[in-house]
Amino acid sequence: MALKNAYLIDLMNRVEARNPNDKQFLITVRSVLESIEPVVEKHPEYVKAGVLELFVEQERVIKFRVPWIDDAGNVHVNRGYRVQGNSAIGPYKGGLRLHPSVTEDTVKFLAFEQTLKNSLTGLPIGGGKGGSDFDPKGKSDFEVMRFCQSFMTELYKYIGADVDVPAGDIGVGAREIGYLYGQYKRITGLYEGVLTGKGLSYGGSLVRTQATGYGLCYFTEEMLNAAGKSFKGQTVVVSGAGNVAIYANEKATQLGAKVVAMCDSNGYIYDKNGIDLACVKQIKEVRRGRIKEYIDVHPEAEYHEGCSGIWTIPCDIALPCATQNELSLESCKALVANGCYCVSEGANMPTVIEGIEYLQSKGVLFGPAKAANAGGVATSALEMSQNSERLSWTAEEVDAKLKGIMVNIYHNVESAAKEYGMEGNFEAGANIAGFLKVANAMYAQGVV
Ligand code: NDP
């Protein structure tokens, strides 16, 4: 697809001139503008009111220094970010990522995507994202604590339960959220729902840990059902071995599938008998080890160095749940050649644009991240509701709400694609349905 609308072409040129170094952000904005072209043509009032101009400019980009001291007494300085993307439909909401690859571009593109994703959940949450180039891998608990305390000492100025509510993402799990929350409370004296993904003893929600992976499978099952298929009896490849991947594996298995492969950033395991998930949890959640340790327990399984080979394993359904751009065009071709008919994204932007176009051209059912992995943020919003009420819901209540939200997202995305002449293109449908709600709110609120 290429932009045809003269106004959008001009707008995109201006976005490029203003953000010359933000490659991933530019790719994302262009791809969203391409999808919403028919919406813009149907709603000239949005153009007149400057809604698109406002939509492509993030409300606030906060960048700060994060100094901390390691166990040996050495000083380190990392860079922290919080991008407050769009607050038209609610307080900014989105994860914090701790990974050496994090740059301003990473956080900007993720915040932009998050705005649309959060809108799709149907819940009152705006879009944001944050993080740092700090690498928690190989650090002691005290080092991670000192980093998190330093990070929050700056971040607390910009967040709050009704302002901006960060959550976890890559490298930020229960441990990091705990340290961040402790420091926020210490500085502000407020016991409020300012972060989600908290521990159950201090305001966390049941099912939040499982939510992104479970939600991915609820969305995918609905998409499969509409095509007369289901997870039952299918062979599945799940990339990653982190929070999303583990619970995607768990739910896909509960729905009757056999998950045969998983990976971490070093390599992948292939177990034709079906991955022993308890073993993966022990390695990854308990010991924070490497996925190759799996073959110490299961010598009949295979371990291969490098990650891209995971997509050469024959499967019916592929669930990329590791990181962005992990699924290249070549990998998409390998999947299709081996009979894969469904790719549904648990990670954010794991499939390169040319890969998505290739999959769609081959009739592969494609569940785009902003719809398929919205279960995590949706459950975070349910955690916010519980914090506001000072109540905790049961696991069954949260899971039922999560399932309802994911099924609704599928139907909204499917019908938006159909209404705008792109039936079956759930990527376009997600962009359109997500944009419409935000655009209506921005239009109503004026030039702010
Ligand atoms: P985790 O840090 O828990 O897990 C990430 C997993 O991916 C790890 O196993 C990691 O391996 C692996 N990985 C990282 N980089 C690569 C790579 N280049 N190649 C192969 N494997 C890699 O993160 P999450 O599970 O929380 O997040 C995964 C994805 O899902 C991200 O894109 C995130 O933005 C997205 N997401 C997460 C949500 C959540 O609720 N957690 C919500 C919505 C989206 P290693 O251990 O070696 O680093």
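The structure we're discussing is the one just above.
Residues numbered from 1 in each chain as written. Predicted model: local features only at pLDDT ≥ 70, side-chain atom pairs only at ≥ 80, totals over all residues. Heavy atoms only, no water.

**Student:** Sorry, what's going on with the site of the ligand here?
**Tutor:** Neighbouring the ligand are 25 residues; Asp169, Thr212, Ser265, Arg290 and Asn348 lie closest to it. Thr212 has a polar side-chain atom sitting 2.6 Å from an oxygen atom of the ligand. A distance of 3.5 Å is found between a nitrogen atom of the ligand and a backbone nitrogen or oxygen belonging to Asp264. For the ligand, the accessible surface in isolation is 900 Å², of which the surrounding protein chains cover 84%. For the shell around the ligand, the residue count by class is 8 nonpolar, 10 polar and 7 charged. (Near = heavy atom within 4 Å. Polar contact = N/O pair within 3.5 Å; in protein donor to acceptor, adjacent residues only side chain to side chain. Areas by Shrake-Rupley, 256 points an atom, 1.4 Å probe, with all protein chains shown as cover. Nonpolar A, V, L, I, M, F, W, Y, C, P; charged D, E, K, R; others polar.)

**Student:** Explain the sheet that holds strand S10 (residues 317-320) here, please?
**Tutor:** Strand pairing in a sheet relies on backbone hydrogen bonds. The paired strands run either parallel or antiparallel. If you trace the 7 strands from one edge of the open sheet to the other, you get S9-S8-S7-S6-S10-S11-S12, paired in mixed fashion. In this open sheet, the two edge strands, each paired with only one partner strand, are strand S9 (302-305) and strand S12 (365-367). If you compare each strand with its neighbour and ignore which way they point, the axes differ by 15° on average. In this sheet, S10 lies alongside strand S6 (residues 235-239) in parallel orientation, the contact comprising 4 bridges. Within S10, the position partnered with Val236 by the bridge is Ile317. Contacts between helix H8 (residues 208-226) and the sheet are confined to S10, strand S11 (342-344) and S12, with S11 contributing the most and set at about 150° to the helix. (Pairing = 2+ DSSP bridges. Helix = DSSP H or I, 4+ residues; strand = E, 2+ residues; numbered from the N terminus. Axes fitted to C-alpha atoms, helices over the stretch in contact; angles between N-to-C directions. Contact = heavy atoms within 4.5 Å.)

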